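Architecture and fold: a report
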Amino acid sequence: MMFKYVILSLLFILPSFALNGYVDGREVDKYQYILDSLWVSISIVFIFLMHAGGFSMLEAGFVRAKNATNIIMKNIFTISISAVAFWLIGFGLMFGNGNDFIGLTGFMQIRENINLFNSLSSYSPPLFLVFIFHLLFASTAATIMSGTVAERIKFPVYMISVFVITGLIYPTIGKWIWGGGWLQKLGFLDFAGGVMVHLNGAIIALIGAYLLGPRIGKYDKYGKPRPILGHSMTLAALGTFILWTGWFGFNGGSTLSADVDLIGKIFLNNTLAAAGGSISSLFVSWYLFKKADLTLSMNGTLAGLVSITPGCAYVVPEAALFIGTIAGIIMVLGVIYLDKIKIDDPVGAVAVHGLGGIWGTLMLGVFHSTEGIITGSFHFFFVELLGIIVCIAWTGITSFFMFYLLNRFIGLRVHEEEEIVGLDIAEHGTESYPNFSIKSY
Amino acid sequence: MMFKYVILSLLFILPSFALNGYVDGREVDKYQYILDSLWVSISIVFIFLMHAGGFSMLEAGFVRAKNATNIIMKNIFTISISAVAFWLIGFGLMFGNGNDFIGLTGFMQIRENINLFNSLSSYSPPLFLVFIFHLLFASTAATIMSGTVAERIKFPVYMISVFVITGLIYPTIGKWIWGGGWLQKLGFLDFAGGVMVHLNGAIIALIGAYLLGPRIGKYDKYGKPRPILGHSMTLAALGTFILWTGWFGFNGGSTLSADVDLIGKIFLNNTLAAAGGSISSLFVSWYLFKKADLTLSMNGTLAGLVSITPGCAYVVPEAALFIGTIAGIIMVLGVIYLDKIKIDDPVGAVAVHGLGGIWGTLMLGVFHSTEGIITGSFHFFFVELLGIIVCIAWTGITSFFMFYLLNRFIGLRVHEEEEIVGLDIAEHGTESYPNFSIKSY
Amino acid sequence: MMFKYVILSLLFILPSFALNGYVDGREVDKYQYILDSLWVSISIVFIFLMHAGGFSMLEAGFVRAKNATNIIMKNIFTISISAVAFWLIGFGLMFGNGNDFIGLTGFMQIRENINLFNSLSSYSPPLFLVFIFHLLFASTAATIMSGTVAERIKFPVYMISVFVITGLIYPTIGKWIWGGGWLQKLGFLDFAGGVMVHLNGAIIALIGAYLLGPRIGKYDKYGKPRPILGHSMTLAALGTFILWTGWFGFNGGSTLSADVDLIGKIFLNNTLAAAGGSISSLFVSWYLFKKADLTLSMNGTLAGLVSITPGCAYVVPEAALFIGTIAGIIMVLGVIYLDKIKIDDPVGAVAVHGLGGIWGTLMLGVFHSTEGIITGSFHFFFVELLGIIVCIAWTGITSFFMFYLLNRFIGLRVHEEEEIVGLDIAEHGTESYPNFSIKSY
Amino acid sequence: MKMIVAIIKPFKLDEVKDALTNIGIYGMTVTEVKGFGRQKGHTELYRGAEYVIDFLPKLKIEIAVDDTQVEKVVEAIMQAARTGRIGDGKIFILPIDDVIRIRTGERGSEAI
Amino acid sequence: MKMIVAIIKPFKLDEVKDALTNIGIYGMTVTEVKGFGRQKGHTELYRGAEYVIDFLPKLKIEIAVDDTQVEKVVEAIMQAARTGRIGDGKIFILPIDDVIRIRTGERGSEAI
Amino acid sequence: MKMIVAIIKPFKLDEVKDALTNIGIYGMTVTEVKGFGRQKGHTELYRGAEYVIDFLPKLKIEIAVDDTQVEKVVEAIMQAARTGRIGDGKIFILPIDDVIRIRTGERGSEAI
Ligand SMILES: Nc1ncnc2c1ncn2[C@@H]1O[C@H](COP(=O)(O)OP(=O)(O)O)[C@@H](O)[C@H]1O
Ligand SMILES: Nc1ncnc2c1ncn2[C@@H]1O[C@H](COP(=O)(O)OP(=O)(O)O)[C@@H](O)[C@H]1O
Ligand SMILES: Nc1ncnc2c1ncn2[C@@H]1O[C@H](COP(=O)(O)OP(=O)(O)O)[C@@H](O)[C@H]1O
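Worth saying up front: this structure is predicted, and the values here are computed from it rather than measured.

Taken together, the contacts link 67 residues of chain A with 62 residues of chain C. Each partner contributes to the roughly 5,500 Å² buried at the junction of chain A and chain C, and carbon and sulfur atoms together form 80% of this total. The largest contributions to the chain A side of the interface with chain C come from A:Tyr31, A:Asn435 and A:Phe436, which together make up 12% of the buried area. Our count for the contact surface shared by chain A and chain C stands at 2 salt bridges. The shortest N-O distance in the salt bridge between C:Lys439 and A:Glu431 comes to 3.6 Å. At the surface where chain A touches chain C, the tally comes to 13 residue pairs in polar contact (both at pLDDT 80 or more). Those elements that place two or more of their residues in the side of chain A that touches chain C are helix H1 (2–19), helix H2 (30–62), helix H3 (68–95), helix H4 (127–148), helix H5 (155–177), helix H8 (233–253) and helix H15 (423–428) of chain A. Looking at the side of chain A that touches chain C element by element, the count peaks at 19 residues for H2(A). Each residue belonging to the side of chain A that touches chain C can be placed in one class, and the counts come to 50 nonpolar, 13 polar and 4 charged.

Structure follows, in structure tokens:
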């Protein structure tokens, strides 16, 4: 009998012998570990493309030719400096051990030592990959504002603010929501960053645009908005397409594991929400303005994607289509409204990421397949609402403070003459298109 | 003895215990399932990029600056509306249970219920991923025409036709070829859509271009073709490069499983066929026109890729190089011929996708490593030929009918003045490049 | 007792039964094999995008509008012809069986027969994928020069040289370094091609630029350099962003296996080195020229990436940040110096890939975590130095010889009038932007 | 000698050029310009905000001719450029004191 | 009749146009030009090599008017286009022999 | 005063500018134009279909000068812009009635 048990126990030891191993001190299923990590690695590449190629091209397309070099310079710098800031400070603040409000370990120590980051203990992939994944999210939150404050913010001011955002503002609320902090403990859910990335970014953008004021020429002497057309619809479209593509990695990769059933669901929700947002915004602009506005339809695609970001893993496809479709409509109305109240946002980021983020998070409260209002409970909805309010308050106040100080000590805005001649010449000494005849008025 | 059997049987149960699970009601090898699904997920991202970034940029580059916004608007809409149409109707028609000619279940029901889709029972990845994968193929077939009918078709006409194509025309023949229908039963092979995607798309494009007539100014008063140059070679090239890249996902992903040996073979065949097509078209244009025509070489790359699409999994690399090389030559001659017979195709899609698709499918009949003419049998070749004829007939007739009705009730073509001023201003109220001096003649 | 052994042995056979299989005649762990191969497949796609989209757009953006079509034509041809050259000759020379200096088997025989390529016996993925992976590296080495010799080299000269590089020059040294040849036996390490790809490419570029001489107008009558501005900063940026993205595949894929811990480390090193290079070059140019030069910051990103390429798998993240940061500074100084000594390099490839490659390889000799100077040994450092010298000598001499002969028999440079009117019209009969008013001076 | 300056609708360029070569005029200089006149522009919306495109694309053709040819040239341009709709453009005739061909140094009518 | 040719700073276009329409001038033709004059250009660096941008963007506005209107138009342009800084531009007044409206064939003052 | 209008080959701009500044001319206005003349264009093929590029890029330089300077300026332009090959361009001399400097209101020769 004992003999039998020996054999049986061997039978159960065997697979762990064959399949398991130790990673960062944790025992893991070897193949699952590789699969999870590969999926995250690949998602990182998609998200990087989205960030680097997508946002830059979109924003470049929406500004005037005389500021294209400047907006690209900002995007390169955002990616680069946020890597440093998040490595030095941000990641520790967000995932380090500490209390419910702040992480206090792991600064500059993104090594194999997982013990500094208890909040990450349930993550499968190795720490390096988790770091880069979250870095790209932080960096995306920061880059969202770059389009909104474009064509008039001073480059050094922008540089400092990106450092502060990715090093301090974002990681702190990140601790609360994703780092095991108090909001997370209350049950707040934000699957891929509807609040964390998009609403955060939009609030910073809004505060920045408010304090900067509109671009010269954006309002006529009677205060009526005058459009300042983006210089290249094809570039803006390229950016949109890359973002659309990368979003599969952004939302799909937020599984942080090769849970392919969930990935499938997310992909479908993504696809339908984006489709809904593109179509609804197209028709709304067509109805309101008699002609189908491409830039609003592109914004609509993104609004659809933003709105499904918090809930993509939790809602059914029909809900995703609904959420994205309405997001497209809300976004168009938001763009018109912001224009009216003199928030000059060249790329529409506040409406896309802000309204899309709020709407999507609320709808997660409604449509969550087990906890949403639809299944009978209101508790979760209010937790979601609380998260939104907390984000607006925290990020609103801190970024106001940040821009306020920058304004005092450096001044936010370039000189009027620099704005007229364009930041490309003024700050970078070059034209973006030296061989082309550019209209001078 | 019995004891021994117990142990032995345990030995064989064990691995299923360790490795298997249930997906969509099927029992699967767990890791294989994850691997297959991940590969399809990633291929989806590549195909999406190819579709969104690739086709849009290519087509935008080949049209005039005054129609760039319009062509992009169309591409955004194509992706979006086809998601809805394929979800509502197309997928059920194509893969639902029914008879050899049509699927009748699964409309709007892309849930975990695999029983509605018996034809998919041998697919490993979850239904959601299979749905998106096939959606992107349908949507590609529809988008192929957008370049050919560009610069003159009415936007609403285009919109309706995309819905009809992805909801009805494509899924029906899809049932026959990929959904377990009659052509598939006859042994017709089309690995990644040489007929299904490319020939289908080209036929619709051809019918559309025929009924629309050439753009104003495309022929002089003596009927001699006059070139209308695409407005940006760099954009067109970017589109080509993205398509070239995405094709790895398109053909490689059509394994629908992580069969890496096959993927390796497909990647190599893809690479050689594209190389052959680029080089041959380059030299043919150089020989014929004394200068090396970039647009034809780019078309040649794509013709090479299209031509290997039906057979990439079945032929040896040497054959792939041959097929792609000849495809490049045929395509150039096709472009010249279509120009002569007054089919005005701004992007060359009919020659690339139509002739490339036909040629590649026939050559699969010749080079298939076990069933091709080369190995002695003619039967398979004739089945392939039959498939081509069926596709031309079905799609030719239905799309003719569709455009005919649209012409009757809406009118296919924009007003002459709108065509001259450009669709960007006429239909979307914007210029694509407002800061640039655009030549007015 | 015997009975027990039977069972025990069964236990150990079982997993191989369950998990293993035979590939190319080797016995492998099945899932590991699939994982390795999938990762390589996906890396191939990223590298292809990087090569096709990245280099082309970058180079196109850095040249004048009148030469954009030409540079793209060259890139398409490079990818295509190198596939053929590497298939016919290169791969056999580089990995075929032979001696320490040259491979002599496997020409045109990239089939499942691994026995022709003993040097690849430790590679997990199937031969087809390994072939494509190395093809893309060869092709990248060749494409590096295309930007440097742009705007003045004759197209046929360029065509032949790419064939020679990817068929002969690159594979020979490739045998020495990666194909089991003498340098590899000495312990020379070059993880992802700092010497093999980047330095090789830069040396060829340098020799080419030297023999061609500067573009007309690059120096005024007193020999002072005059800038010739690239025609599109947004295109150049797009190229940079795509390269930056693809580099994850380039360096990460060089594991040639799904070693996810290593992939994580490489990704992090990549990210930090690129960040360091972008930031340092930005500040250096700002300090030296009073304005922040976008093109130098983009070059800086790439210099950072190049510099981490040889050592990304072997150094700690802190070292990566250091290496990339200094690479950015060296690169800027290199650009200025090359300008002074009349090496006219429109895209900065010699400084980026050459200096970046040398610096990174030396630093690997310093920072290698077990063999570098820092851990006490000088031996390895000198081996790295030797590798650099060998590369400069071999590639310098052979490419000089190649260009010398091409100059004798064909002439390297286009006619002065063709250069003034631009290669697009002169060699391809088309303008890149026919609808735009292009400045004529 | 006179400088005939014609402002025309852009898509009429080919016809005007042909008309001029038909009457033996082989030299002209063309400039892209924006015209403002009775032909009204149009109002468009970009992201919901209105803007007016009131400068319309036109081409300016400058032709230096001998006094004797002025009427013939004006006639040819009018015929070729006229559509009958507002915005067809104008022809201005300005005096020229002298013309020099750079290549040869010829002056006056010789140089045209 | 006279051709009034004004070279102005580009961002002044709207103001000049408004000033002209206010005094009843409804026709003009605008061209993008580069100006070289007392207003000095600026030196920039591209990849460390110096270059001078000495041709500055300007707009040329051409307005054909009756002799009686010349002073009024000159006055309006001056007021609208002046910033007081170097580079504000010039106004040239050239004689016109005749004007023809292509659409109608009208001539002279009628055609303006 | 005269308006000297020179049509030149684009790559000669720098030389012409230098020649003019050398003789003390510091003001000019440059326009991108397309020229049609004896210099023949070229035929190209795009996707196998022929097209003719018969409008060639030229630059138009306008220089307002005092009557006394006309010959000097013409001479300088001719020397700098001549290559001796067809298409070198022309110089037209038109009369100017008056010149005004917008900034100061100066008139006539003062304003140049
Ligand atoms: N007084 C003017 N001076 C200069 N150009 C003018 C003048 N009036 C009209 N133009 C030019 O002629 C073009 C056509 O004039 P417009 O009044 O629109 O129509 P029409 O030629 O039918 O009278 C304008 O777009 C403008 O370029
Ligand atoms: N002699 C001239 N002939 C033609 N155009 C001139 C002449 N002088 C100046 N201009 C034009 O007028 C513009 C302004 O002249 P500038 O000398 O810079 O300043 P200001 O108008 O204050 O005297 C120049 O940029 C140029 O376009
Ligand atoms: N009659 C004319 N009126 C206006 N511009 C002219 C005239 N003839 C020639 N030009 C301009 O001068 C340029 C050069 O003229 P062209 O006849 O080609 O050579 P050349 O200057 O050697 O006689 C033309 O491209 C055109 O811009």
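After presenting the structure, the write-up continues.
It takes a turn of 120° to lay chain A on chain C, together with a shift of 0.0 Å along the axis; the resulting RMSD is 0.0 Å. Such a combination of rotation and displacement between the chain copies is what one expects of a three-fold axis. Closest approach to the rotation axis among the C-alpha atoms of chain A is made by A:Ser437, whose C-alpha sits 3.2 Å away.

Attention now moves to the pattern of salt bridges. One pass over the full model with this rule turns up 54 salt bridges over all chains. Across the pair A:Lys30 and C:Asp29 runs a salt bridge, and its minimum N-O distance is 3.9 Å. Placement of the pair is A:Lys30 in helix H2 and C:Asp29 in strand E2 (residues 26–29), with the two residues belonging to separate chains. In this structure C:Asp29 comes out as partly exposed when scored by relative accessible area, which is 24%. Taken together, the shared-partner salt bridges connect A:Arg64, A:Glu151, A:Arg215 and A:Asp344 into one network.

Further remarks concern the packing of aromatic side chains. Considering all chains together, one arrives at 96 aromatic pairs over all chains under this definition. With a centroid separation of 5.9 Å and 65° between ring planes, the pair formed by C:Phe137 and C:Trp178 is classed as edge-to-face. Of this pair, C:Phe137 sits in helix H4 (residues 127–148) while C:Trp178 sits in the loop between helix H5 (155–177) and helix H6 (182–186); the two residues are 41 residues apart in sequence, bridging distant segments of the chain. For the pair formed by C:Phe137 and C:Trp178, the shared burial category is buried. An aromatic cluster of at least three residues, connected via ring pairs, comprises A:Trp39, A:Phe241, A:Trp244, A:Phe248, A:Phe267 and B:Phe48. The ring of C:Tyr219 carries the charged tip of C:Lys342 above its face, separated from the ring centre by 5.3 Å.

With respect to the helices and strands, the residue E:Ala64 is situated in strand E5 (residues 56–65). Once you skip the residues sitting within four places of it in the chain, E:Ala64 turns out to touch D:Phe92, E:Lys2, E:Met3, E:Ile96 and E:Ile112.

This structure, assessed with the given rule, holds 17 cavities of 30 Å³ or more. There is about 240 Å³ of room inside the largest cavity. Lining of the largest cavity is provided by 20 residues; of these, A:Tyr433, B:Ser232, B:Thr234, B:Tyr433 and C:Tyr433 occupy positions nearest its centre. Elements supplying a minimum of two residues to the lining of the largest cavity: H8 of chain A, helix H8 (233–252) of chain B together with helix H8 (233–252) of chain C.

Turning to the interface of chain B and chain C, a few remarks are in order. Listed by partner, the interface residues are 63 residues for chain B and 68 residues for chain C. Taken together, the two surfaces of chain B and chain C that pack against each other cover about 5,500 Å², and 80% of this comes from carbon and sulfur. On the chain B side of the contact with chain C, B:Thr234, B:Phe241 and B:Val260 bury the most area, a combined 12% of that side's loss. Counting across the chain B and chain C interface gives 2 salt bridges. Linking chain B with chain C are 13 residue pairs in polar contact (both at pLDDT 80 or more). Looking at the side of chain B that touches chain C, the elements that each hand over two or more residues are helix H1 (2–19), helix H2 (30–62), H8, helix H9 (260–289), helix H10 (294–308) and helix H11 (317–340) of chain B. No other element matches the 16 residues that H9(B) contributes to the side of chain B that touches chain C.

Moving on to a nonpolar patch on the surface. Residue and element names in this part refer to chain A. On the surface, Ile160, Tyr210, Phe400, Phe401, Tyr404, Leu405, Phe409 and Ile410 cluster together to form a nonpolar patch covering roughly 840 Å² of accessible area. It is helix H13 (residues 379–409) that provides the largest number of residues to the nonpolar patch, a total of 5 residues. Locating Ile160 in the fold gives a position in helix H5. In this structure Ile160 comes out as partly exposed when scored by relative accessible area, which is 37%.

To continue, consider the packing of H3(A) against helix H10 (residues 294–308) of chain C. Helix packing for two helices is described by the angle between their axes and how far apart those axes are. Packing of H3(A) against H10(C) leaves a shortest axis separation of 10 Å and a crossing angle of 30°. Classified by the angle their axes make, H3(A) and H10(C) are roughly parallel. Handedness of the crossing formed by H3(A) with H10(C): left-handed. On H10(C), the residues that touch A:Thr69, A:Ile72, A:Met73 and A:Ile76 of H3(A) are C:Leu294, C:Ser297, C:Met298 and C:Thr301. For the contact of H3(A) with H10(C), the per-class residue count stands at 5 nonpolar, 3 polar and no charged.

Considering every residue of chain D, the mean pLDDT works out to 95; 100% of them sit at 70 or more. With a pTM of 0.95, the predicted complex shows an ipTM of 0.95.

In the vicinity of ligand 1 lie 22 residues, with D:Arg38, D:Gly87, E:Ala64, E:Arg101 and E:Arg103 positioned nearest. For ligand 1, an oxygen atom lies 3.2 Å from a polar atom in the side chain of D:Lys90. Here a nitrogen atom of ligand 1 sits 3.4 Å away from a polar atom, N or O, in the main chain of E:Gly27. Protein burial of ligand 1: of its 540 Å² of free accessible surface, 98% is covered by the chains. Elements that contribute at least two residues to the shell around ligand 1 include exactly strand E2 (28–36) and strand E6 (90–95) of chain D together with strand E2 (28–36) and E5 of chain E.

This part takes up the arrangement of the chains. Between chain C and chain D there is no contact; the minimum C-alpha to C-alpha separation amounts to 9 Å. If you take every C-alpha in chain B and every C-alpha in chain E, the smallest gap between them is 9 Å, and the two do not touch.

To continue, consider the nonpolar core. Core analysis: the biggest nonpolar cluster contains 498 residues, and A:Phe91, A:Tyr170, B:Phe91, B:Tyr170, C:Phe91 and C:Tyr170 have the highest contact counts within it. For C:Phe91, the residues in contact, after removing those within four places along its chain, are C:Phe86, C:Gly96, C:Ile110, C:Phe117, C:Leu120, C:Leu127, C:Val130, C:Phe131 and C:His134. Membership of the second largest hydrophobic core comes to 30 residues, among which are D:Met1, D:Ile7, F:Met3 and F:Val5.

If you check the shell around ligand 2, you find 22 residues, and the closest are E:Arg38, F:Thr29, F:Ala64, F:Arg101 and F:Arg103. More than one chain reaches ligand 2: its neighbouring residues belong to chains E and F. The side chain of E:Lys90 places a nitrogen or oxygen atom 3.2 Å from an oxygen atom of ligand 2. Summarising the interface, the protein chains cover 98% of the accessible area of ligand 2, which totals 540 Å² for the free molecule. Among the secondary structure elements, those contributing two or more residues to the shell around ligand 2 are E2 and strand E6 (90–95) of chain E together with strand E2 (28–36) and strand E5 (56–65) of chain F. Broken down by element, the shell around ligand 2 gets its largest block of residues, 3 residues, from E5(F). The residue makeup of the shell around ligand 2, split by class, is 8 nonpolar, 7 polar and 7 charged.

Turning our attention to the side chain of B:Asn251. All names here are of chain B. Among the structural elements, Asn251 can be located in helix H8. Here Asn251 falls in the buried class, since its relative accessible area comes to 0%. Here Asn270 takes part through its side chain, which lies 2.8 Å from a polar atom of the side chain of Asn251. Not counting the four nearest positions on each side in its chain, Asn251 is found in contact with Phe191, Ala192, Ile266, Asn270, Leu305, Ile308, Thr309 and Cys312.

A few words on the packing of H8(C) against helix H9 (residues 260–289) of chain C. All names here are of chain C. H9 packs onto H8 with a crossing angle of 140° between their chain directions and a minimal axis gap of 10 Å. For the element pair H8 / H9, the angle class is oblique. Crossing hand, H8 versus H9: right-handed. Here Trp244, Trp247, Phe248, Asn251 and Gly252 of H8 come into contact with H9, specifically with Ile263, Ile266, Phe267, Asn270, Thr271, Ala274 and Ser278. The class makeup of the residues in the contact of H8 with H9 is 7 nonpolar, 5 polar and no charged.

Residues and elements named next belong to chain C. Throughout the structure, instances matching the rule amount to 0 disulfides over all chains. Just so you know, Cys312 is unpaired, no disulfide at all, and the nearest cysteine sulfur is the one on Cys391, 17 Å from it. Residue classification places Cys312 among the buried residues on the basis of a relative accessible area of 0%.

Quick notes on the rules
- Residues numbered from 1 in each chain as written.
- Chains lettered and ligands numbered in written order.
- Predicted model: local features only at pLDDT ≥ 70, side-chain atom pairs only at ≥ 80, totals over all residues.
- Heavy atoms only, no water.
- Contact = heavy atoms within 4.5 Å.
- Buried area = accessible area lost by both parts, 1.4 Å probe.
- Salt bridge = Lys/Arg side-chain N within 4 Å of Asp/Glu carboxyl O.
- Polar contact = N/O pair within 3.5 Å; in protein donor to acceptor, adjacent residues only side chain to side chain.
- Helix = DSSP H or I, 4+ residues; strand = E, 2+ residues; numbered from the N terminus.
- Nonpolar A, V, L, I, M, F, W, Y, C, P; charged D, E, K, R; others polar.
- Least-squares fit on C-alpha atoms with pLDDT ≥ 70 in both.
- Buried < 20%, exposed > 50% of the residue type's maximum accessible area, 1.4 Å probe, protein only.
- Phe/Tyr/Trp six-rings, centres within 6.5 Å; stacked < 30°, edge-to-face > 60°.
- Lys NZ or Arg CZ within 6 Å of the ring centre and 35° of its normal.
- 1 Å grid on protein atoms, 1.4 Å probe; cavity = no way out; pocket = protein on both sides within 12 Å on 5 of 7 lines; lining within 4 Å.
- Points joined across faces, edges and corners; volume = space filled by probe spheres on them.
- Patch = residues over 30% accessible without salt bridge, like charges linked within 9 Å, V, L, I, M, F, W, Y side chains within 5 Å.
- Areas by Shrake-Rupley, 256 points an atom, 1.4 Å probe, with all protein chains shown as cover.
- Axes fitted to C-alpha atoms, helices over the stretch in contact; angles between N-to-C directions.
- Parallel < 35°, antiparallel > 145°, perpendicular 65-115°, else oblique.
- Left-handed = near helix turned anticlockwise from the far one by under 90°.
- pLDDT = per-residue confidence, 0-100.
- Near = heavy atom within 4 Å.
- Core = buried A, V, L, I, M, F, W, Y, C linked by side-chain atoms within 4.5 Å.
- Disulfide = S-S within 2.5 Å.

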